[in-house]
Structure formats: structure tokens, C-alpha cells
Amino acid sequence: MSISPYELSIPTFQRGFAVLSKLLDKAEAFAEEKKIKPEILVNARLSPDMLSLAGQIQRLSDTAKGAASRLTGTEAPSFPDDETTLADLRARIDKTTTYLASVPEAAYEGAAERAVVLKTRGQEVHFTGKDYLLTFALPNFYFHLTTAYAILRHNGVPVGKLDFLGRT
């Protein structure tokens, strides 16, 4: 079986954002039912030194946009990290998925071999496109998606494994 970088990235990211949207639906219903301000969930975090739910979703967006951009050698849109409500987070997801849908599969030609350089904390990390996707972009995406799920679950939102898997 052969899977292209496009198939590994764009549909995977789109599915993750679809799952996240359903998790936010449950978060919104939970906040309404429990009569809590939804912004409490937006600002919730698992640990004081971790990003909030908003931060997790912002990093998900940046990871998906960055992967598409780096693998195709194109420029991704830049979004300010200013989301403070569930509606703002939904808008961020919508803008991200709209961008992902605009990236044509043909743009991924040669992506597996394309040189990718990440600049982090004053140093450069060099990858092939394949290694970048498999060892950085996808794990990073799932880390932030899982953490967003865990924040909601930790705060009482009734979500479970099937929700995370998109099976509800």
C-alpha cells in the first residue's frame, strides 16, 4: 500500500478538526446545562504550565497550516491568536479547514523528498518532507488534539474515546 503525503496530511487534519468541532458542540451543551460560562472551558488547562484549550486549538491550526505550507513550498495564512470564546475557536477551525481544502493535491508533488527546516529556540532542525510529516507534524497535531480532548474531559464535559475517534 502506498500513501501520499497529501493523503496522510490534509484528510487527517480535516478529520481531526471535524472531531474537534463535535467536541466543542458537547462543551457548549455542557456549559449551558451546568450554567457555567463557556469561557471557563476556553481558558481551562490541564496544568498551570500548559496551554489552555484556546492555545491547544491555536497550535492545532498552526500545525496543520504549517505542514501544508512546508510540504508544498507555499505560504500559509497567518491568524492572530486572539480567540476568547467557543465561537472564536469555531471560526479559527473554519478558517483553517477552508485553507486546507484550498491546497490542491498536485501541490504535494515531491513533498516526501522536499527539504523542511524548522527554526525552534534558536536552532534549525532539518527534515525530509516525509520525516517531518511522520515524526513531527502528525505527532504534534495529535498531541494538541488529545490535550484539547483531555481538557474538556477533565472539566466534566461528557466526552469519551468514541467521541475522540469520531464514532458518535
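You'll find the structure just up there.
Note that this is a predicted model, so its numbers are computed, not measured.

### What about the overall build of the protein?
Then, number 1: Looking only at helices and strands, the protein features 6 helices and 2 strands.
Then, number 2: The linear arrangement of helices and strands in the protein, starting from the amino end, is α-α-α-α-β-β-α-α.
Then, number 3: For a compact globule of 168 residues, the expected C-alpha radius of gyration is about 15 Å, and the protein comes in at 16 Å, within 12% of that figure.
Then, number 4: Each principal axis of the C-alpha distribution contributes one length, and for the protein these read about 50 × 35 × 25 Å.
Then, number 5: When the 168 residues of the protein are sorted by exposure, 41% land in the buried category.
Then, number 6: Put simply, 68% of the contacts in the protein that link residues at least 6 apart link residues at least 24 apart.
Then, number 7: Accessible surface for the protein amounts to roughly 9100 Å². Of this, 54% is attributable to carbon and sulfur atoms.
Then, number 8: The centroid of the 20 positive side-chain charges in the protein is displaced by 5 Å from the centroid of its 20 negative side-chain charges.

### Digging into the packing of aromatic side chains
Then, number 1: Following the criterion strictly, the structure yields 8 aromatic pairs and no others.
Then, number 2: Between the aromatic rings of F127 and F136, the centroid separation amounts to 6.2 Å while the plane-to-plane angle is 45 degrees, which identifies the pairing as tilted.
Then, number 3: What makes F127 buried here is its relative accessible area of 18%.
Then, number 4: Taken together, a centroid distance of 5.9 Å and an interplanar angle of 20 degrees make the contact between Y132 and F136 stacked. In this pair, Y132 and F136 are both assigned in helix 5 (residues 129-154), 4 residues apart and thus about one turn of the helix distant.
Then, number 5: Through a chain of ring-to-ring contacts, the aromatic side chains of F13, F17, F141 and Y142 assemble into a single cluster.
Then, number 6: Here the guanidinium or amino end of K65 rests over the ring plane of F79, the centre of that ring lying 4.0 Å away.
Then, number 7: Note that K95 overlies the ring of F79, its terminal NZ or CZ placed 4.5 Å from the centroid.

### Looking at the packing of helix 3 (residues 53-72) against helix 4 (residues 86-102)
Then, number 1: Taken N-terminus to C-terminus, the directions of helix 3 and helix 4 make an angle of 10 degrees; their axes are 10 Å apart at the nearest point. Accordingly, the angle class assigned to the pair helix 3 and helix 4 is roughly parallel. For the pair formed by helix 3 and helix 4, the contact residues are L53, A54, I57, Q58, S61, D62, A64, K65, A68 and S69 on the first element and L89, R92, I93, T96, Y99 and L100 on the second.
Then, number 2: Among the residues forming the contact of helix 3 with helix 4, the class breakdown is 9 nonpolar, 4 polar and 3 charged.

### Notes on the pairing of strand 2 (residues 123-128)
Then, number 1: Where strand 1 (residues 115-120) meets strand 2, 6 bridges bridge the pair, whose relative direction is antiparallel. Bridge pairing in strand 2 links K119 to E124.
Then, number 2: Taking the residues that link successive antiparallel strands as the turn, the strand 1-strand 2 hairpin has 2 residues, and the phi of R121 there is positive, at about 45 degrees.

About the criteria used
Numbers given for residues are sequential positions, taken from 1 along each chain in its written order. Local features in this predicted model are restricted to residues of pLDDT 70 or higher, and side-chain atom pairs are both shown and tallied only at a pLDDT of 80 or more, whereas totals for entire chains, interfaces and linings draw on every residue. To obtain the side-chain values, all non-hydrogen atoms of the structure were used and water was disregarded. Secondary structure elements follow DSSP: runs of H or I of four or more residues count as helices, runs of E of two or more count as strands, with numbering from the N terminus. We compute the radius of gyration over the C-alpha atoms and compare it with the globule rule, which gives 2.2 Å times the number of residues raised to the power 0.38. Partly exposed describes any residue whose relative accessible area lies between the buried limit of under 20% and the exposed limit of over 50%, with all areas from a 1.4 Å probe on protein chains only and scaled to the type maximum. In what follows, a contact means two residues having at least one pair of non-hydrogen atoms within 4.5 Å. Values of accessible area rely on a 1.4 Å probe in the Shrake-Rupley scheme; residue burial ignores everything except the protein chains shown. Here Asp and Glu are counted as negative and Lys and Arg as positive; His is not counted, and neither are the chain ends. To locate a charge, take NZ of a lysine, CZ of an arginine, CG of an aspartate or CD of a glutamate. Geometry of aromatic contacts follows a simple scheme: Phe, Tyr and Trp rings, the Trp one being its six-membered ring, pair when their centres are within 6.5 Å, and the pair is stacked under 30 degrees between planes, edge-to-face over 60, tilted otherwise. Look at NZ for Lys and CZ for Arg. If either is within 6 Å of the ring centre and within 35 degrees of the ring normal, a charge sits over the ring. Here the axes come from fitting lines to C-alpha atoms, over the contacting stretch only for helices, and the angles between their N-to-C directions go from 0 to 180 degrees. These descriptions rest on fixed angle ranges, namely under 35 degrees for roughly parallel, over 145 for roughly antiparallel, 65 to 115 for roughly perpendicular, and the rest for oblique. Each residue is assigned to one of three groups, with Ala, Val, Leu, Ile, Met, Phe, Trp, Tyr, Cys and Pro labelled nonpolar, Asp, Glu, Lys and Arg labelled charged, and all others, Gly among them, labelled polar. DSSP calls a pair of strands paired once it identifies at least 2 bridges connecting them.

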